[in-house]
Amino acid sequence: MNSPKLLLVLVLLGFSLSNSALSAADKPNIVLFLVDDMGAMDTSLPFLTDEKGTPVKHPLNRFYRTPNMERLAAQGTRFSQFYAQSVCSPTRISIMTGQNATRHKTTNWIKPKSNNRSKFTPANWNWTGLTKSSLTLTRLLGQSGYQSIHVGKGHFGPFDHEGQDPLNLGFHVNIGGDSIGQPGSYYGKRNYGNKVKGQDEKNTYGVSHLTDYHGSDTFLTEALTIEAKKAVTQSTEEKKPFYLYMAHYALHAPFNSDARFAKNYLKSGKPKNAQAYATLVEGMDKSLGDLLDHLNALGVAEDTLVLFLGDNGGDAPLGGAHDYGSSAPLRGKKGAHYEGGTRAPFIAAWARPNPANPHQKRLPISQGTTQTQLATVMDLFPTILNLVGQEIPKDHPIDAHDLKAQLSGSPNPDRPEIFLSHFPHEHRSNYYTGFRHGDWKLIYHYPVGKQKQRYELFNLRSDPFEKADLSTKNPAELKRLFSEMTTHLKAQGALFPVTADGRKITPVAPEFL
Ligand code: CA
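Scoring rules and cut-offs
- Residues numbered from 1 in each chain as written.
- Predicted model: local features only at pLDDT ≥ 70, side-chain atom pairs only at ≥ 80, totals over all residues.
- Heavy atoms only, no water.
- Pairing = 2+ DSSP bridges.
- Helix = DSSP H or I, 4+ residues; strand = E, 2+ residues; numbered from the N terminus.
- Axes fitted to C-alpha atoms, helices over the stretch in contact; angles between N-to-C directions.
- Contact = heavy atoms within 4.5 Å.
- Donors = N, O, S within 2.8 Å, 3.2 Å for Na, K, Ca; no water.
- Tetrahedral: all angles 85-135°; square planar, octahedral: opposite > 155°, others 65-115°.
- Phe/Tyr/Trp six-rings, centres within 6.5 Å; stacked < 30°, edge-to-face > 60°.
- Buried < 20%, exposed > 50% of the residue type's maximum accessible area, 1.4 Å probe, protein only.
- 1 Å grid on protein atoms, 1.4 Å probe; cavity = no way out; pocket = protein on both sides within 12 Å on 5 of 7 lines; lining within 4 Å.
- Points joined across faces, edges and corners; volume = space filled by probe spheres on them.
- Nonpolar A, V, L, I, M, F, W, Y, C, P; charged D, E, K, R; others polar.
- Domains from an automatic or database assignment.
- Polar contact = N/O pair within 3.5 Å; in protein donor to acceptor, adjacent residues only side chain to side chain.
- Core = buried A, V, L, I, M, F, W, Y, C linked by side-chain atoms within 4.5 Å.

Looking at the sheet that holds strand β11 (residues 418-423)
- Spatially, the four strands line up as an open sheet ordered β11-β12-β13-β14, and their pairing is antiparallel. A strand with exactly one partner marks an edge of an open sheet, and here the two such strands are β11 and β14 (454-459). Here the strands of the sheet are splayed against their neighbours by 10° on average, with no regard to which way each runs.
- Sheet topology note: the strand β13 (residues 440-445)/β14 ladder contains six bridges and is antiparallel. Paired with Y444 across the strands is Y455, a residue of β14.
- Lying over the sheet, helix α13 (residues 475-491) contacts β11, β12 (432-437), β13 and β14, oriented at roughly 70° with respect to β13.

Considerations on the coordination of the calcium ion
- Here the calcium ion is held by D36 (OD), D37 (OD), C88 (SG), D311 (OD), D311 (OD) and N312 (OD1), and the distances to it run 2.2 to 2.6 Å.
- Coordination at the calcium ion comes from six donor atoms whose angles at the metal span 52 to 154°, giving a geometry best classed as irregular.
- Positions of the donor residues of the calcium ion along the chain correspond to the pattern D-D-x50-C-x222-D-N. With D36 in the loop between β1 (29-35) and α2 (59-63) and D311 in the loop between β7 (304-310) and α9 (339-342), the pair connects residues that are 275 residues apart, well separated along the chain.

A closer look at the packing of aromatic side chains
- Applying the stated criterion to the full structure yields 21 aromatic pairs.
- Ring geometry for F63 against Y265: centres 5.6 Å apart, planes inclined by 75°, an arrangement best described as edge-to-face. Highlighted residues: F63 in helix α2 and Y265 in the loop between β6 (242-248) and α8 (272-298), separated in sequence by 202 residues. No difference in accessibility class separates F63 from Y265, as the two residues are buried.

Thoughts on the pairing of β11
- In terms of burial, β11 is a largely internal element, six of the six residues being buried.
- Residues I418, L420 and H422 of β11 are buried on one face, and the alternating residues F419, S421 and F423, pointing to the opposite face, are buried as well.
- Direction of pairing for β11 relative to β12: antiparallel, over a ladder of six bridges. Looking across to β12, one finds that I418 is bridged to H437.

Quick notes on the environment of P59
- Relative to the helices and strands, P59 is located in helix α2.
- In this structure P59 comes out as exposed when scored by relative accessible area, which is 65%.
- Distance in space between the C-alpha atoms of P59 and G389 is 43 Å, their sequence separation being 330 residues.

Section: the layout of surface pockets
- Size it by volume and the largest pocket reaches roughly 680 Å³.
- Lining the largest pocket are 28 residues, and of these T49, D50, Q81, T372 and R461 sit closest to its centre.
- In terms of residues, the lining of the largest pocket owes the most to one element, strand β9 (residues 369-371), which gives three residues.
- A breakdown of the residues in the lining of the largest pocket according to their chemical character gives seven nonpolar, 13 polar and eight charged.
- The two domains that each donate at least three residues to the lining of the largest pocket are domain 1 (25-407) and domain 2 (431-491).

Points about the environment of H422
- Its place among the elements puts H422 in strand β11.
- Along the backbone, H422 and E162 are 260 residues apart, and their C-alpha atoms lie at a distance of 25 Å.
- With sequence-adjacent residues up to four places away left out, H422 is seen in contact with Q85, T102, T107, Y432, T433, Y446, L489, A494, L495 and F496.
- Polar contacts involving the side chain of H422 include one to the side chain of T433, which spans 2.9 Å.
- Within the structure, H422 has its side chain in polar contact with the backbone oxygen of L495 (distance 2.7 Å).

Notes on the nonpolar core
- Ranked by internal contacts, the top residues of the largest apolar core, which has 58 residues, are F33, M69, L210, L244, L251, M284 and F308.
- When residues in this core are grouped by element, the largest group, nine residues, is from α8.
- Residues Y83, V87, Y243 and F419 belong to the second largest nonpolar core, which totals 53 residues.

Thoughts on empty space enclosed by the protein
- Throughout the structure, instances matching the rule amount to two cavities of 30 Å³ or more.
- Its boundaries defined by the atoms lining it, the largest cavity holds a volume of some 80 Å³.
- Taken together, Y83, H337, E339, T342, F419, S421, Y432, G434, F435, R436 and K441 make up the full set of residues lining the largest cavity.
- Of all the secondary-structure elements, those providing two or more residues to the lining of the largest cavity are α9, β11 and β12.
- At four residues, β12 tops the list of elements feeding residues into the lining of the largest cavity.
- Formed jointly, the lining of the largest cavity draws a minimum of three residues from each of two domains, domain 1 (25-407) and domain 2 (431-491).
- Approximately 50 Å³ is the volume found for the second largest cavity.
- Lining the second largest cavity, in full, are Q85, S86, V87, P90, A101, T107, S421, H422, F423 and Y432.
- Sorting elements by how many residues they give to the lining of the second largest cavity places β11 first, with three residues.
- Across the lining of the second largest cavity, the residue classes tally to five nonpolar, five polar and no charged.

Okay, structure coming up:
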């Protein structure tokens, strides 16, 4: 090879090397901060708005203390109508796949040791969750050079199945993630539910991996935060862009009081377990603040997108499943077909806003803004992947919309305001499909076993707290919504409840159809 050619080769080689080095360094970090069982009302930061879109404080907002959520919201955009499914695993798998639970078919929470099937549940519901061959957010991020760090609750599959271990699903680091949907205990002194100090007891609700903290005074939320900070530091030192899935076990039962915050609620007049729940909320909020401080200390805050959310409606011990209490003024709580079952907090912000930062130029987030247009947990999937420039395979259908337009502060004129919540199971509400489009929401109750067929229809604009069922007063709207609901169920391949002898029970139209 003569020297000009050699020079050309070297120049090209050098160019391509520096280019790939640039592209690796040119990826933003992502923190997905997922709080278990956190409803829209479990915070001092108001998410509900008045008719003009201005956030309004309700009594529960004055009970809880979440200064770091307030800090994050001031730096970014909160959503006043953000939907998750009504229980854990369906939402967690939607985050990983961008698909509605109706489509991925894990429509109920996963029991660690058995099929969580009720009497009339379709036999082929996906009770085993994600597998090594599932296309996941983390696997796609891996293709873009990301280090994916799992901290906290997994709940992606039962024991002795592939979904038990987040490392099977595209994560590179796993701290505390397993089949369990709740910790045996939040207390280090109780080894986080493990019977034997220094050991993980896989057949109990013991939290894995945190054996160094067994016997200590470190609350579970704190231990997970310390470990998350270490993992983030390591990725930063290795110059790998990271995706931190910070999935707190808090605020899920058992409602163990976090001694660091107990005094703040002693004079609240609330029951003792509600006070304990509030300490779980405040400990989670401290974790958020500690992580934000850590990103700033590492010098990567400007380059880090933070997505804060809950995985279903709240479960505060302040009332029954269908009344006004736990999520007041919203009706219902976790597991219910009412808004309190499916409305979760969502905040998106850069950990340190700087409009001149190249990542932030690609995804500008309006500061101190409340977005009133509906959004869902499925939307995180395309939002994250489009930001990092990772293509979603064409053969992987999603039920989601990129949030870019909504994060800029305006509504997205191209997104339908639709949320489908299909639940062919028994829990706090049994065998129902909820379907929202725009101002209207239909709840269809399947005629299963002793349950009678029933329709409920609400106008959430004029009646956001679901007090007036309009199903008999507005048959035209009922008919329209029912027809749309069945179209969406069909498009997503819904599995329906079955009779005792295995026959499918599909929705029956109102008699005047
Ligand atoms: Ca949950």
